[in-house]
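Examining the three-dimensional arrangement
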Amino acid sequence: MEKRELVIIGAGPAGMSAAIYGRRSGLDVLVLEKTKTGGQINITDEIENYPGVAHATGPELGEMLHKHAMKFETEIRMVDDSKVELRGDKKIVVTHKGDETNEIEAEAIIVATGAHFRRLGCAGEAEHIGRGVSFCAVCDAAFCEDLEVAVVGGGNTAVEEGNYLTKFASKVYLIHRRDEFRADRAAIEQVLANPKMEPVYNTVVDEIQDREPEDDDDMRMLNLVLKNVKTGETSNLPVAMVFMFVGQTPDDGCVNGLVEAKKGGWIVTNDHMETSVEGIFAAGDVRDKYLRQVITAASDGAIAAMAASSYINEQVHLRSTLLEPEKVTAFFYSSIDPEQVKLSNAAEVKSKEKGIKTPIIDGYRNARMTEKLGLKDKLPALVELSKGEVKSVKSVSSEADINF
Ligand SMILES: Cc1cc2nc3c(=O)[nH]c(=O)nc-3n(C[C@H](O)[C@H](O)[C@H](O)COP(=O)(O)OP(=O)(O)OC[C@H]3O[C@@H](n4cnc5c(N)ncnc54)[C@H](O)[C@@H]3O)c2cc1C
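As a further point, take the packing of aromatic side chains. One pass over the full model with this rule turns up five aromatic pairs. Ring centres of Phe-181 and Tyr-201 lie 5.3 Å apart, and the angle between their planes is 45 degrees; this geometry places the pair in the tilted category. Pair noted here: Phe-181 is in the loop between strand E10 (171–175) and helix H6 (185–193) and Tyr-201 is in the loop between strand E11 (197–200) and strand E12 (203–210), with a separation of 20 residues, a long-range link. Accessibility expressed as a relative area gives 31% for Tyr-201, which makes it partly exposed. On the numbers, 6.4 Å between centres and 20 degrees between planes, the contact of Phe-331 with Tyr-333 is stacked. The burial state of Phe-331 is the same as that of Tyr-333; both residues are buried. One residue, Arg-292, lies across the ring of Trp-266, its end atom 3.7 Å from the ring centre.

A few words on a negative patch on the surface. A grouping of Glu-127, Asp-206, Glu-207, Asp-210 and Glu-212 is seen on the molecular surface, where their side chains present a negatively charged patch. Broken down by element, the residue count for the negative patch peaks at three residues, all from E12. Among the secondary structure elements, Asp-206 is positioned in strand E12. Overall, Asp-206 belongs to the partly exposed group, its relative accessible area being 35%.

All right, on to the site of the ligand then. As a matter of local geometry, the ligand sits amid 35 residues, with Glu-33, Thr-35, Gln-40, Ser-82 and Asp-285 nearest to it. The contact in question runs from an oxygen atom of the ligand to an N or O atom on the side chain of Glu-33, over 2.6 Å. Between Arg-292 and the ligand, the recorded distance is 3.5 Å, taken from a backbone N or O atom to an oxygen atom. Across the complex, the protein chains shield 96% of the 1000 Å² of accessible surface that the ligand would expose by itself. Where the shell around the ligand is concerned, the elements lending two or more residues are helix H1 (13–24), strand E2 (29–33), strand E4 (81–87), strand E7 (115–117), helix H5 (156–165) and helix H7 (294–323). Per-class residue counts for the shell around the ligand are 13 nonpolar, 13 polar and nine charged.

A few words now on the environment of Leu-382. If you trace the backbone, Leu-382 turns up in strand E20 (residues 381–386). Taking the relative accessible area as the measure of exposure, Leu-382 reaches 5% and is therefore buried. As a C-alpha pair, Leu-382 and Glu-324 span 58 residues in sequence and 17 Å in three-dimensional space. If we skip the residues at most four places from it in the chain, Leu-382 touches Thr-329, Ala-330, Phe-331, Ser-392, Val-393, Lys-394, Val-396, Asp-401, Ile-402, Asn-403 and Phe-404.

Contact geometry of H1 with H7 gives a least axis separation of 7 Å together with a crossing angle of 35 degrees. Viewed along their axes, H1 and H7 form a crossing whose handedness is right-handed. Note on element contacts: H7 touches H1 through Val-294, Ala-297, Ala-298, Gly-301, Ala-302, Ala-305 and Met-306, opposite Pro-13, Ala-14, Ser-17, Ala-18, Tyr-21 and Gly-22. Grouping the amino acids of the contact of H1 with H7 by side-chain chemistry returns 10 nonpolar, three polar and no charged.

Turning next to unusual backbone geometry. Geometrically, the link from Leu-379 to Pro-380 is a cis peptide bond, its omega value of -5 degrees lying close to zero. Despite not being glycine, Met-273 shows a phi value in the positive range, around 65 degrees. Among the structural elements, Met-273 can be located in the loop between strand E16 (248–250) and strand E17 (280–282). With relative accessibility at 4%, the residue Met-273 sits in the buried group. Although it is not a glycine, Lys-387 adopts a positive phi angle of roughly 50 degrees. Tracing the backbone shows Lys-387 in the loop between E20 and strand E21 (389–395). Exposure remark for Lys-387: the relative accessible area of 53% places this residue in the exposed category.

A word on the pairing of strand E13 (residues 222–228). Most of E13 sits inside the fold, with five of its seven residues counted as buried. The pairing of E13 with strand E14 (residues 234–239) spans six bridges and is antiparallel. Bridge assignment links Val-225 to a residue of E14, and that residue is Asn-236. From the end of E13 to the start of E14, which pair antiparallel, there are five residues, and Gly-232 there has a positive phi angle of about 80 degrees.

Once that is clear, we can look at the domain arrangement of the protein. Quoted interface sizes are often the accessible area lost when the parts come together. Partitioning the protein into domains gives domain 1 (2–115 + 249–319), domain 2 (125–244) and domain 3 (325–401). On a C-alpha basis, the centroid separation for the pair domain 1 and domain 2 is 34 Å. Contacts between domain 1 and domain 2 engage four residues on the former and seven residues on the latter. The contact between domain 1 and domain 2 buries some 430 Å² in all, and 50% of this surface belongs to carbon and sulfur atoms. Run the count over domain 1 and domain 2 and you get zero salt bridges. Summed over the shared surface of domain 1 and domain 2, the result is zero residue pairs in polar contact (both at pLDDT 80 or more). Among the residues making up the side of domain 1 that touches domain 2, the classes are represented as one nonpolar, one polar and two charged.

Scoring rules and cut-offs
- Residues numbered from 1 in each chain as written.
- Predicted model: local features only at pLDDT ≥ 70, side-chain atom pairs only at ≥ 80, totals over all residues.
- Heavy atoms only, no water.
- Phe/Tyr/Trp six-rings, centres within 6.5 Å; stacked < 30°, edge-to-face > 60°.
- Helix = DSSP H or I, 4+ residues; strand = E, 2+ residues; numbered from the N terminus.
- Buried < 20%, exposed > 50% of the residue type's maximum accessible area, 1.4 Å probe, protein only.
- Lys NZ or Arg CZ within 6 Å of the ring centre and 35° of its normal.
- Patch = residues over 30% accessible without salt bridge, like charges linked within 9 Å, V, L, I, M, F, W, Y side chains within 5 Å.
- Areas by Shrake-Rupley, 256 points an atom, 1.4 Å probe, with all protein chains shown as cover.
- Salt bridge = Lys/Arg side-chain N within 4 Å of Asp/Glu carboxyl O.
- Lys, Arg positive; Asp, Glu negative; His and termini not counted.
- Charge placed at Lys NZ, Arg CZ, Asp CG, Glu CD.
- Near = heavy atom within 4 Å.
- Polar contact = N/O pair within 3.5 Å; in protein donor to acceptor, adjacent residues only side chain to side chain.
- Nonpolar A, V, L, I, M, F, W, Y, C, P; charged D, E, K, R; others polar.
- Contact = heavy atoms within 4.5 Å.
- Axes fitted to C-alpha atoms, helices over the stretch in contact; angles between N-to-C directions.
- Left-handed = near helix turned anticlockwise from the far one by under 90°.
- Pairing = 2+ DSSP bridges.
- Domains from an automatic or database assignment.
- Buried area = accessible area lost by both parts, 1.4 Å probe.

In structure tokens:
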């Protein structure tokens, strides 16, 4: 089976940032991607809030990320899909490409699979996806030349993508269920100043219907049945296309059910991007987090890679010193207890004096390993192990107890 140190699933800003940090810290990194390097940003026309890049199109920034990762000789492998499996202590990534299935054993995995825009869920939406209903302004804006279109949503993406569509469309109705937008003030001001943009407040789309054009020039093939949420009144809005920007869903399929997640599938991590499963990290939009943007995805990726690097180093070290030897006695302590730190120093000195190699293990930093060995509430202790199995535990309360 193929063996890799770090497997990163997803080559969006989080995955590419993790790859850059991972490669720079000397790890053997494999990135798996099922569509295109850059991830979601490929479908946006304007990025102007990533520090140092005053303006770039999404695909341009995607290309920059790709080139940057290539500078550090990152291996990016295109797959149709990938899924993580746990087999005992081993983490296996199963990938599919055409008829081929491949299995990769990874020391650590970073899940950077991102998110996608949610469907509105109204009647007629599913039937019209790709036939007037779109989730990507950049992909479909060219079809809106001089036409009237609608955007549904009230956050930054709805407002920004709506603005972008005014470069093509003759009019953009911005339909929002509340009486004010949730977007940044700057974005809202831009919208309100744009004569092609018409906000429609307190309104939801109840149904999307086919529409008979009034004449040959009428390209408004859809009828949106709108409902005012305050008055309950309904009305019809004929448009050529409708773009949905009403929230996101995580692409957590590769670890679904394996790691702890919040309602909807958003993966829970700590500050080190560690998930509930040892050695599996998550970064970027797929995480449960406050702000889903390129900059936060890149930051998550960097943290995840550094945490994964230290995890891998620790694992390799622990394996060779603690789990593989036929017979070893280790000193386990907690680095957050000053008394235990003193005892660990004494243990180190005594083992050197006797010329014995004693692994001194910080049970606080290696909490999962300590728990797995059943030592969680037994520190400080001298622990005898054989091939990773605990043979004896001797509690230590003073230097006098440290005898090898
Ligand atoms: C229309 C639009 C406009 C936006 N505008 C801005 C903006 O102006 N500024 C800004 O900062 N942010 C913007 N964003 C948000 C930004 O794009 C995201 O926050 C960012 O891309 C998240 O990065 P990520 O790496 O976490 O995930 P993604 O970018 O979603 O990348 C995840 C990658 O993982 C791949 N993947 C998923 N599952 C698998 C699997 N099982 N196996 C292999 N690969 C897999 C996907 O194909 C994808 O390439 C915008 C997003 C959209 C959609």
